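# Chain and residue survey
Spelled out from the first residue to the last, the chains are:
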Amino acid sequence: MDTGTHVVMGIALGGLAMIDPVVANHSMTATAVIAGTIIGSQAPDLDTVLKLRNNAVYIRHHRGITHSIPAVLLWPLAISGVLHLIMPSADLLHLWLWTFLAVFLHVFVDIFNSYGTQALRPFSNKWVALGVINTFDPIIFGLHVVALLFWAFGANPVYTMLLLYAIVFVYYLLRFAVQHAVRHAVKNTIPTAEEIIIAPTIRFFQWRIAAISKTHHYVGRAYGRSINIYDRFDRKTIPDSPLVKAALKDKNLQAFISFSPIYRWEITDHDHIHEVRLIDLRYRSNDYYPFVAVAHLNEDLEIVNSYTGWIFSEEKLHKKLDFLSN
């Protein structure tokens, strides 16, 4: 989920913590717990600082080790330990418990996005992504804001948050039901599809679609049960050539491949420069595919420049590559 949603989730969990008599009856413990749930709801996304290095590092590692099983255990220990040093009269056990729930909830809800997390590390490096909730879901965010406003104006936080979670739970079930219906509709539209990727959008009934058959890639959108296929590309295996082998050693292309489950490739020549481009098919926007990885190689098959990330026009991509080569 996005940062704003994680913040309101952390505050809401702090309200629910008032169900715990130790928290409700001790003001310092309550203060520490609310701080712990807010900080804990943000802690796993500390890896966002990897953007300061480069996109390749960020793409390969975001929601990786910081969302793993060891991290879910270590974050609460670190956060509750620091808070207890600041507020030593707070009950450490209950502070740790609610902080742990905040960290766990963060990782758990991220699993429902199409990006997913490596939540099973160190047992598996597989990305777990259920793809039913958009990174920012206005309904989930809005429900939390309304619940927090009710609490601010005097409503009982425990009853308010229990009702909130009940509604959100039903909402998740509805999202799974809609996703199932969309998948069934895609199968009817593309009966030869061997793999179907359905990703949510910010709108409840609209979903992004990418599918693979033995011969083609398909890209489209679902509007309820109505399926619109916008593009169909021949499915071609990327050449096993010296040029491609050299390009695939580049960190940006490696990061892209580790992240994207469905992409097409293009190889072009520009004035003694070879361009190898990988294009993620999940994110079509206004007839353009903005998530790419590009590598430029000279005639000696040396990397001149490369980039991976979001680019919404060819002009901006060329400026980015020119900047990186200087």
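Residues numbered from 1 in each chain as written. Predicted model: local features only at pLDDT ≥ 70, side-chain atom pairs only at ≥ 80, totals over all residues. Heavy atoms only, no water.

Scanning the protein chain for helices and strands turns up 11 helices and eight strands. Projected onto its principal axes, the C-alpha positions of the protein chain cover 70 × 45 × 35 Å. Contacts in the protein chain between residues far apart in sequence, at least 24 positions, make up 53% of those at least 6 positions apart. Carbon and sulfur atoms make up 64% of the accessible area of the protein chain, which totals about 16400 Å². Each charge class in the protein chain can be summarised by its mean position, and for the 27 positive and 25 negative side chains these summaries are 6 Å apart. (Helix = DSSP H or I, 4+ residues; strand = E, 2+ residues; numbered from the N terminus. Contact = heavy atoms within 4.5 Å. Areas by Shrake-Rupley, 256 points an atom, 1.4 Å probe, with all protein chains shown as cover. Lys, Arg positive; Asp, Glu negative; His and termini not counted. Charge placed at Lys NZ, Arg CZ, Asp CG, Glu CD.)

This next bit is on the pairing of strand β7 (residues 291-297). In the case of a regular strand, side chains alternate between the two sheet surfaces. Where burial is concerned, most of β7 is hidden: seven out of the seven residues are buried. Because side chains alternate across β7, one face comprises the buried residues F291, A293, A295 and L297, and the other comprises V292, V294 and H296, equally buried. Here strand β6 (residues 273-280) runs beside β7; their pairing, made up of six bridges, is antiparallel. Looking at β7, one finds that I279 is bridged to V292. Bridge count between β7 and strand β8 (residues 303-310): seven bridges; the pairing is antiparallel. (Buried < 20%, exposed > 50% of the residue type's maximum accessible area, 1.4 Å probe, protein only. Pairing = 2+ DSSP bridges.)

Across a sheet, strands are paired by hydrogen bonds formed along the backbone, either parallel or antiparallel in direction. Pairing in this open sheet of four strands is antiparallel, and the strands run β1-β2-β3-β4 from one edge to the other. Looking at strand neighbours, the two that pair on one side only are β1 (195-200) and β4 (226-234), the edges of this open sheet. In this sheet, neighbouring strand axes are inclined to one another by 20 degrees on average, regardless of whether the strands run parallel or antiparallel. Relative to strand β3 (residues 216-223), strand β2 (residues 206-212) runs antiparallel, the two sharing seven bridges. (Axes fitted to C-alpha atoms, helices over the stretch in contact; angles between N-to-C directions.)

What follows deals with a nonpolar patch on the surface. Taken together, I69, L73, L74, L77 and F123 make up a surface patch of nonpolar side chains, about 540 Å² in accessible area. For L74, the position within the fold is in helix α5 (residues 69-86). Judged by its relative accessible area of 53%, L74 falls in the exposed class. (Patch = residues over 30% accessible without salt bridge, like charges linked within 9 Å, V, L, I, M, F, W, Y side chains within 5 Å. Salt bridge = Lys/Arg side-chain N within 4 Å of Asp/Glu carboxyl O.)

Once that is clear, we can look at helix α10 (residues 251-259). The α-helix advances 3.6 residues per turn, and as a result positions three or four apart in sequence lie on the same side. What α10 keeps buried is the set N252, L253, A255, F256 and F259. For α10, the arc enclosing every buried residue in end-on projection is 160 degrees, short of the 170-degree limit, so these residues lie on one face. Near the N-terminus of α10, the side chain that reaches the backbone nitrogen of N252, with its oxygen 2.9 Å away, is that of D250. (Arc of directions from axis to C-beta. Polar contact = N/O pair within 3.5 Å; in protein donor to acceptor, adjacent residues only side chain to side chain.)

Before going further, it helps to examine helix α6 (residues 92-110). Counted at 1.5 Å a residue, the expected span for α6 with its 19 residues is 27 Å, and the 27 Å between its end C-alpha atoms agrees. All of the buried residues along α6 are H94, L95, W98, T99, F100, A102, V103, H106, V107, V109 and D110. Next to the buried residues of α6 lie α1 (3-16), α2 (21-24), α3 (27-40), α5 and α8 (157-189). (Expected span 1.5 Å × (residues − 1).)

Take the sheet that holds strand β5 (residues 263-270) next. The four strands lie next to each other as β5-β6-β7-β8, forming an open sheet whose pairing is antiparallel. Every other strand in the sheet has two partners, leaving β5 and β8 as the edge strands with one partner each. Within this sheet the neighbouring strands show an average axis-to-axis angle of 10 degrees, counted without direction. Running at roughly 150 degrees to β7, α10 makes contact with β5, β6, β7 and β8 of the sheet.

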